[in-house]
Amino acid sequence: MVFILRTLFANKEIRRPRKYLLTKFIDSVRLHVKGGTGGTGLPKYGGLGGQGGCVYCVGKEGADLKNIMTKYRARTIAAGHGEDSRKNKIVGSPGEDAKLEVPLGITIYGEQGKVLGSINEEGDTVIIARGGPGGDTKNSFLGHFGQTHHVRLDLKLIADVGLVGFPNAGKSSLLKAISRAKPRIANYPFTTIKPNIGIIKYDDLRRISLADLPGLIEGAHVNIGLGHKFLKHVERTKLLLFVADVQGFALSPRHNMRSCLETILLLNKELELYNEELLEKPAILAINKMDLPGAENTFNEVKEALRNMDSTLQSIPEEIRPNKIIQFEDVLGISALKHNESIKILRDRIRKRLDEYAEANNPDIVDASDLFRKNKAIMGERGPQVT
Ligand SMILES: Nc1nc2c(ncn2[C@@H]2O[C@H](COP(=O)(O)OP(=O)(O)OP(=O)(O)O)[C@@H](O)[C@H]2O)c(=O)[nH]1
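All values reported here derive from a predicted model rather than from experimental measurement.

## Notes on the overall build of the protein
In step 1: For the protein, the count of helices and strands is 9 helices and 14 strands.
In step 2: Here the protein, with 387 residues, has 37% of them falling under the buried criterion.
In step 3: A separation of at least 24 residues holds for 69% of the contacts in the protein among residues at least 6 apart in sequence.

Below is the structure:
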């Protein structure tokens, strides 16, 4: 009884979201959406019913799916119905639209996985349930029902760089050292249970975003650890930043101890098993914890092994051998904890690789002097050569 009264008279302002909503990172939401019904027309006066309202999504920076889940606890969103035509208001007003603010990076799927649209920039709009037409001569002045169906909003973070590594490799420490993000850092695996985004700011005001994802482990493809659940978030990144612990990794004393080189190959394999296309992305390898004793030797060994991949693979057990090897643009030794010169070098290298990527994908942004040189080479001494 006390519980019922408390619930009935509870002040909605101070009601907190359910506990699981406070902790969990939500990257997929299923909703039932209903477009409004069109208003009825008035045949006697030729009156038109108002059109039913639509449900639509608008991209908004800073919005998140958790807010949608808290706001629409019943997971149903309905737009308003169109107004009926009346003697003193012949044309009924359209129903009120229901606007849903969603984060950038959302893809909207309808029934049977059909893609309804995606939202990648602030202000992008996708209608997810159309309102029914109002009553007029074409439908005997009877308003129609709006569209009613289930949709799934699936979030894939949009960041320039995606950090991938085993748990405890120091991804969060690196994110903290390189950007102003404040992720949780602790000396046990799986401290990171949801993606964190950090921004690197350069002197020329260029900003590069990095997504730190929960650690992958051997067997992630069969859902061990946190599985491949978060790998979808690297699909939209332009550059992969592998972070490997120079000491290697063992999840517990019961698990195999994997060396630094083995963790790199295992990460390669897990990415390959998730989506082979990810291996085509430009990638940088950062070997972390270089402040530890003996790190320099291991680093040189790993670098050498990566250089002679064919002979390395022969000495690697078959269960951790990837079919396709990722090509690293750079292999760097860093210390995320000491926050030293190595972090600065990494920052510059990330910038360089992303600039190269932009140049390759947007030929319009090429350096003007480079363009001049190329044009001069084509034109030769006497101007353009016609072939
Ligand atoms: N010596 C040393 N320790 C480091 C370095 N970077 C990180 N660590 C330590 O390694 C441990 C794990 O660091 P995290 O940054 O939480 O690692 P993570 O990869 O984010 O781990 P998960 O959240 O489990 O995925 C912490 O105790 C850090 O202090 C480093 O450069 N040198």
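Now that the structure has been shown, we can carry on.
## Observations regarding the UniProt feature "domain: OBG-type G" (unreviewed entry) in the protein
In step 1: UniProt's entry tags residues 159-355 with the feature "domain: OBG-type G" (unreviewed entry), counted in the numbering of this structure.
In step 2: Annotation note: span residues 159-355, helix share 29%, strand share 18%, distance between end C-alpha atoms 15 Å.

## Focus: the sheet that holds strand β6 (residues 115-119)
In step 1: Spatial strand order, β3-β1-β8-β5-β6: 5 strands in an open sheet with mixed pairing. The open sheet has two free edges, formed respectively by β3 (76-78) and β6, since each of these has just one partner strand. Neighbouring strand axes in the sheet, compared pairwise and without regard to direction, differ in orientation by 25° on average.

## Structural notes on the site of the ligand
In step 1: Within the structure, the ligand sits among 24 residues, and G170, S172, N187, T192 and G215 are positioned closest to it.
In step 2: Among the elements that line the shell around the ligand, the one with the most residues is helix α4 (residues 171-178), at 3 residues.
In step 3: Of the residues belonging to the shell around the ligand, the class tally is 10 nonpolar, 11 polar and 3 charged.

## Thoughts on the sheet that holds strand β11 (residues 207-212)
In step 1: Sheet architecture is open: 6 strands sit in the order β10-β11-β9-β12-β13-β14, paired in mixed fashion. Two strands in the sheet have a free side with no partner beyond their single neighbour: β10 (196-201) and β14 (328-333). Across the sheet, the mean angle from the axis of one strand to that of its neighbour is 25°, orientation sign disregarded.
In step 2: In this sheet, β11 lies alongside strand β9 (residues 161-165) in parallel orientation, the contact comprising 3 bridges. The residue of β11 that forms the bridge with V161 is L210.
In step 3: With respect to the sheet, α4 is in contact with β9, β10, β11, β12 (239-245) and β13 (283-288), its orientation differing from that of β10 by roughly 35°.

## Brief notes about helix α5 (residues 260-274)
In step 1: In this model α5 runs 21 Å from its N-terminal to its C-terminal C-alpha over 15 residues, within 8% of the 21 Å that 1.5 Å per residue would give.
In step 2: Counted residue by residue, α5 has 11 buried out of 15 residues, so it is predominantly covered.
In step 3: Those residues of α5 not exposed but buried are C260, L261, T263, I264, L265, L266, L267, N268, K269, E270 and L271.

## Some points on the pairing of strand β1 (residues 28-34)
In step 1: Relative to strand β8 (residues 148-155), β1 runs antiparallel, the two being bridged by 7 bridges. Pairing of R30 across the sheet is with R152, part of β8.
In step 2: Pairing analysis gives 3 bridges linking β1 to β3, with the strands arranged parallel. Paired with K34 across the two strands is A78, which belongs to β3.

## A closer look at the domain arrangement of the protein
In step 1: With domains assigned, the protein is organised as domain 1 (23-155) and domain 2 (161-365).
In step 2: Computed from C-alpha atoms alone, the centre-to-centre distance between domain 1 and domain 2 is 42 Å.

## Quick notes on the environment of H255
In step 1: Structurally, H255 can be placed in the loop between β12 and α5.
In step 2: Note on H255: 12 C-beta atoms within 10 Å, which makes it exposed.

## Points about the nonpolar core
In step 1: V55, L163, L241, F242, A286 and I287 are the most contacted members of the largest nonpolar core, which totals 72 residues.
In step 2: Broken down by element, this core gets its largest block of residues, 7 residues, from α5.
In step 3: Taken domain by domain, the makeup of this core includes at least three residues from each of domain 1 (23-155) and domain 2 (161-365).
In step 4: Discounting residues that sit within four places of it in the chain, V55 has contacts with V33, G35, I77, A79, A98, L100, I128 and A129.

## A few points about the environment of I127
In step 1: Here I127 lies in strand β7 (residues 125-129).
In step 2: Spatially, the C-alpha atom of I127 lies 42 Å from that of L285, the residues being 158 residues apart in sequence.
In step 3: Non-local contacts of I127, meaning those with residues more than four positions away in its chain, are made with C54 and Y56.

## Considerations on the confidence of the model for the protein
In step 1: Chain-level statistics for the protein give a pLDDT mean of 85 and a share of 87% at 70 or above.
In step 2: Segment residues 12-22: pLDDT under 50, and 6 contacts once partners within four positions in sequence are set aside and those in other chains are kept.
In step 3: Contacts for the low-pLDDT stretch residues 378-387, under 50 throughout, to residues beyond four places or in other chains number 2 contacts.
In step 4: Taken over the whole predicted complex, pTM reads 0.76, whereas the ipTM for its chain interfaces reads 0.97.

About the cut-offs
Throughout, residues of each chain are indexed from 1 in the direction in which the sequence is written. Where totals are concerned, whole chains, interfaces and linings use all residues; where local detail is concerned, this predicted model gives features only for residues with pLDDT of at least 70, and gives and counts side-chain atom pairs only at 80 or more. A run of DSSP states H or I qualifies as a helix once it reaches four residues; a run of E qualifies as a strand once it reaches two. Both are numbered from the N-terminal end. Partly exposed residues are those whose C-beta has more than 12 but fewer than 20 other C-beta atoms within 10 Å; with 20 or more the residue is buried, with 12 or fewer it is exposed, and the C-beta atoms are placed from the backbone. By the criterion used throughout, residues are in contact when their C-beta atoms, derived from the backbone, lie within 7 Å. UniProt positions are given in the numbering used here, feature names are shortened, and annotations may be inferred rather than shown by experiment. Strand pairing is assigned whenever DSSP identifies at least 2 bridges connecting the two strands. Note on definitions: angles span 0 to 180 degrees between N-to-C directions of axes, and those axes are lines fitted to C-alpha atoms, for helices only across the stretch in contact. Near, as applied to residues and a molecule or strand, means the residue's backbone-placed C-beta atom lies within 6 Å of it. Residues are grouped as follows: Ala, Val, Leu, Ile, Met, Phe, Trp, Tyr, Cys and Pro are nonpolar; Asp, Glu, Lys and Arg are charged; every other residue, Gly included, is polar. Here, expected helix span is obtained from the residue count minus one, scaled by 1.5 Å. The source of the domain bounds is an automatic or database domain assignment. The nonpolar core criterion groups buried Ala, Val, Leu, Ile, Met, Phe, Trp, Tyr and Cys residues into a set whenever they are joined through C-beta atoms within 7 Å. Per-residue confidence from the predictor is given as pLDDT, running between 0 and 100.

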